[in-house]
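# Tertiary structure, described
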Amino acid sequence: MNLLDSFTTAFALPFMGRALLVLIVLSIAAGLIGVFINLRGLEFLTDGLTHAVFPGLAAGFVFGGQGGVLIGALVAAAAATIVLTLMSNNKVTSDATTAIVLTAMFSIGVIIVSASPGRAGGLEQLLFGHLLTVTDSEALITAIVAAIALVLVVLTFRRQVFHAFDPEGSAAAGYRRVSTELVLNVAIALVIVAASNAVGNLLVLAVLIVPGALSRLVTTKLGALFVVAVGSALLASWIGLSLGFNISVVGGVDVPAGATVALSFVLLYSIALIVRVARKGLNA
Amino acid sequence: MSPRTRPIPIITDDALTITGGSFSYGDTPALTDVTISVKPGEAMALIGPNGSGKSTLLKGVLGLIPLVEGSMGLGTTAGIGYLPQTEHIDPEFPVTLKQVVMMGRYRKLGLFRFPGSADRAAVREAIASVGLGNVANKRFGSLSGGQQQRGFLARALAAQPSLLLLDEPFNGLDQPNRDALMQTLRQLKAAGVAIIVTTHDLELAREVCDTVLFVNGRQIAFGPKDEVLTLANLQEVFHEFQVEIDEHTVVVPGHEGH
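Residues numbered from 1 in each chain as written. Chains lettered and ligands numbered in written order. Predicted model: local features only at pLDDT ≥ 70, side-chain atom pairs only at ≥ 80, totals over all residues. Heavy atoms only, no water.

## Regarding the environment of Phe36 of chain A
All names here are of chain A. Mapped onto the elements, Phe36 comes out in helix α2 (residues 14-40). Relative accessible area serves as the criterion here: at 0%, Phe36 is assigned to the buried category. Considered as a pair, Phe36 and Val145 are 109 residues apart in the sequence and their alpha carbons are 19 Å apart. Other than its neighbours up to four places away in sequence, Phe36 contacts Val153, Phe157, Gln160, Val161, Leu184 and Phe226. (Helix = DSSP H or I, 4+ residues; strand = E, 2+ residues; numbered from the N terminus. Buried < 20%, exposed > 50% of the residue type's maximum accessible area, 1.4 Å probe, protein only. Contact = heavy atoms within 4.5 Å.)

## A word on the domain arrangement of chain B
Residue and element names in this part refer to chain B. Taken domain by domain, chain B consists of domain 1 (12-79 + 161-258) and domain 2 (89-160). Contacts between domain 1 and domain 2 engage 12 residues on the former and 11 residues on the latter. Buried surface at the junction of domain 1 and domain 2, summed over both partners, amounts to about 900 Å²; 62% is from carbon and sulfur atoms. Joining domain 1 to domain 2, the criterion identifies 0 salt bridges. In this assembly, domain 1 and domain 2 are joined by 3 residue pairs in polar contact (both at pLDDT 80 or more). At the level of secondary structure, the elements contributing two or more residues to the side of domain 1 that touches domain 2 comprise β6 (163-167) and α6 (175-190). Here the residues of the side of domain 1 that touches domain 2 sort into 8 nonpolar, 3 polar and 1 charged. (Domains from an automatic or database assignment. Buried area = accessible area lost by both parts, 1.4 Å probe. Salt bridge = Lys/Arg side-chain N within 4 Å of Asp/Glu carboxyl O. Polar contact = N/O pair within 3.5 Å; in protein donor to acceptor, adjacent residues only side chain to side chain. Nonpolar A, V, L, I, M, F, W, Y, C, P; charged D, E, K, R; others polar.)

## Points about the sheet that holds strand β2 (residues 28-38) of chain B
Hydrogen bonds between backbone groups are what pair the strands of a sheet, and the pairing can be parallel or antiparallel. Residue and element names in this part refer to chain B. Spatially, 3 strands are ordered β2-β1-β4 in an open sheet, and the strand pairing comes out antiparallel. In this open sheet, the two strands that pair with only one neighbour each are β2 and β4 (67-74). Averaged over neighbouring strand pairs, the angle between their axes works out to 20 degrees when direction is ignored. In this sheet, β4 lies alongside strand β1 (residues 16-25) in antiparallel orientation, the contact comprising 6 bridges. Residue pairing in the sheet places Leu16 in a bridge with Leu74 of β4. Packed on one face of the sheet, helix α1 (residues 54-62) meets β1, β2 and β4 and runs near 110 degrees to β1. (Pairing = 2+ DSSP bridges. Axes fitted to C-alpha atoms, helices over the stretch in contact; angles between N-to-C directions.)

## Considering the sheet that holds strand β8 (residues 211-215) of chain B
All names here are of chain B. With mixed pairing, 6 strands are arranged side by side in an open sheet as β5-β6-β7-β3-β8-β9. Lying at the two open borders of the sheet, with one neighbouring strand each, are β5 (80-83) and β9 (219-224). Adjacent strand axes in the sheet meet at a mean angle of 15 degrees, parallel and antiparallel pairs treated alike. With 4 bridges joining them, β5 and β6 adopt parallel strand pairing. Bridge pairing in β6 places Ile80 opposite Leu163.

## A few points about the packing of helix α10 (residues 177-199) of chain A against helix α11 (residues 204-218) of chain A
Residue and element names in this part refer to chain A. Remark: α10 packs on α11, axes separated minimally by 8 Å, with the N-to-C direction vectors making an angle of 130 degrees. For the element pair α10 / α11, the angle class is oblique. Along the contact surface, α10 presents Ile188, Val191, Ile192, Ala195, Ser196 and Val199, while α11 presents Val204, Val207 and Leu208. For the contact of α10 with α11, the per-class residue count stands at 8 nonpolar, 1 polar and no charged. (Parallel < 35°, antiparallel > 145°, perpendicular 65-115°, else oblique.)

## Comments concerning the packing of aromatic side chains
Residue and element names in this part refer to chain A. One pass over the structure, following the stated rule, counts 12 aromatic pairs over all chains. With a centroid separation of 5.4 Å and an interplanar angle of 80 degrees, the aromatic rings of Phe7 and Trp238 are classed as edge-to-face. In this pair, Phe7 is assigned in helix α1 (residues 3-7) and Trp238 in helix α12 (residues 222-250), connecting sequence segments 231 residues apart. When its relative accessible area of 35% is taken as the criterion, Trp238 is described as partly exposed. (Phe/Tyr/Trp six-rings, centres within 6.5 Å; stacked < 30°, edge-to-face > 60°.)

## Structural notes on the interface of chain A and chain B
Frequently, the measure chosen for interface size is the accessible area that the parts lose on association. Each partner contributes to the interface: chain A provides 19 residues, whereas chain B provides 25 residues. Buried surface at the junction of chain A and chain B, both sides included, amounts to about 2000 Å², of which 63% is carbon and sulfur. The tally of links from chain A across to chain B stands at 1 salt bridge. Across the salt bridge formed by Asp166 of chain A and Arg155 of chain B, the nearest N and O atoms sit 2.7 Å from each other. Between the two partners, chain A and chain B, sit 7 residue pairs in polar contact (both at pLDDT 80 or more). Elements with a contribution of two residues or more to the side of chain A that touches chain B: α8 (157-165), α9 (167-172) and α12 of chain A. Here the side of chain A that touches chain B gets 5 residues from one element, more than from any other, and that element is α8 of chain A.

## Side note on a nonpolar patch on the surface
All names here are of chain A. On the surface, a cluster of nonpolar side chains totalling about 350 Å² of accessible area is made up of Ile82, Leu86, Val178, Leu182 and Val186. Where the nonpolar patch is concerned, the elements lending two or more residues are α4 (66-89) and α10. In terms of residue count, α10 provides more of the nonpolar patch than any other element does, 3 residues in total. Mapping Val178 onto the fold places it in helix α10. (Patch = residues over 30% accessible without salt bridge, like charges linked within 9 Å, V, L, I, M, F, W, Y side chains within 5 Å. Areas by Shrake-Rupley, 256 points an atom, 1.4 Å probe, with all protein chains shown as cover.)

## So, the side chain of Thr50 of chain A
Residue position: Thr50 of chain A is located in helix α3 (residues 43-64). Setting aside its immediate chain neighbours within four residues, Thr50 of chain A contacts Ile192, Asn201, Val204 and Leu205 of chain A.

## Notes on unusual backbone geometry
Residue and element names in this part refer to chain B. A positive phi angle, close to 60 degrees, is found at Asp33, a residue other than glycine. As for its placement among the helices and strands, Asp33 is situated in strand β2. For Gln160, which is not glycine, the phi torsion reads 50 degrees and is therefore positive. Mapped onto the elements, Gln160 comes out in the loop between α5 (145-158) and β6.

## Some details on the pairing of β8 of chain B
In the case of a regular strand, side chains alternate between the two sheet surfaces. Residue and element names in this part refer to chain B. Of all 5 residues making up β8, 5 are buried, and the element is well covered by its neighbours. As defined by bridge partners, strand β3 (residues 43-47) adjoins β8 across 4 bridges and the pair is classed as parallel. Bridging across to β8, Met44 finds its partner in Thr211. Sheet topology note: the β8/β9 ladder contains 5 bridges and is antiparallel. Bridged to Val212 within β9 is Gly223. Taking the residues that link successive antiparallel strands as the turn, the β8-β9 hairpin has 3 residues, and the phi of Gly217 there is positive, at about 80 degrees.

## Describing the pattern of salt bridges
A complete count under the given rule lists 12 salt bridges over all chains for this structure. Across the salt bridge formed by Glu181 of chain A and Arg177 of chain A, the nearest N and O atoms sit 3.8 Å from each other. Pair noted here: Glu181 of chain A and Arg177 of chain A are both in helix α10, with a separation of 4 residues, about one helical turn. Owing to a relative accessible area of 9%, Glu181 of chain A belongs among the buried residues under this scheme. Here Arg177 of chain A falls in the partly exposed class, since its relative accessible area comes to 37%. As a salt-bridge pair, Lys39 of chain B and Asp14 of chain B come within 3.9 Å of each other at their nearest N and O atoms.

Structure representation (structure tokens):
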């Protein structure tokens, strides 16, 4: 099988089809939500949430095996989301407290996994995902979780835009601030949970943050932002998955496909950045 | 109904009545003893020094600050428009003026409806009424401060409110923007909209307002402008105050420390 086949016919293989399905749903959800993360400047909070979810992933994995990962992650995500939303609304949060909480949570997760006999090998899987070996039921559950996140954001789309642009005006118009923020944070947490299983907890940030940041480089039109973000996420997923397949299945080098996917996101961002800088240079 | 006609609010009752009202943040009362009424088509000037509770009253009417004593009644259900004093917006935020003004329609649209011709007409009309028709498709952050201010007013108007709250709308406006805003306020009054406007500008109060409310932590005076806009009331509200009136700057000495 040559490189070209990795980008095309390889997707006829069942495990590649499952991986693609997972990434398509993730790309749509993460693309839309990523634009709001960028507009609201929530990158650091998102980072905090991914780390806070980690002990949940770890505990779920240790006590429930592969099937327990999602439940553990959902519980941790729910707790972390509520705590972070309330903290930010009562103005007690700061970058320092978020940083302390997130490193603490991450350490707890690493200790849980490492201290469990026979489960230590699972650490790599939790950090980098297992995109090419997801089962049918995992793919389905991941898709459902990401779809719920998508529905939450689509249903509150206008108030999210209003709030991102002008939180005070949005509150004066009668939209409750806490509920608007809570819905977006829950959606972010759900995408983290879904994506952690597929691309791994460490690489989730690429999927959530890069598409929104990339779209800001490409366009200044509100509608186009969402189209570009979702489109670039889909493109990066396809490229990354094909490269991962080529390296690990065809090449025989055991590389998690989550890493090639994350790298593809960064690659597309770099191209967008270079094009923008070059165009600015020409216009100047 | 043709899309260009603005529905006239039902004139049956006062747009706003407050009786013995007190508003407070936490334990500290920010404004007390407020008893006022504003009728449809009437404008009330809200005057007082900084920190006297002007913004508190506006936020209290919006329900953002709780009424802890007394009662408050809103006349119609057509909604309240609000123009905050300062808007901190990201100048790079990717929205056009038209999209910002459409935000004024969001509550009416609810969850599932897409903007229809009536919504687009209301947005177009609101933008035209503040004189920004030529920049409707420009990015909001690229507009001047005065244009942004008028843009936010257009957003408040797009909701076709029966009560409009304006917090220091004339601050930092140049003469053309100021004249345009005065004109808009007169048109709104003629259409039956009740207006509350906080200001330092007594000339504005005389020109477009019908009633005046003086506050300084509590209500000092309320009534028709001719009865309330007196030197005695000004001295009670401001310890020392520079008034620009008829192109002269007059320093009004307060009763304390003199």
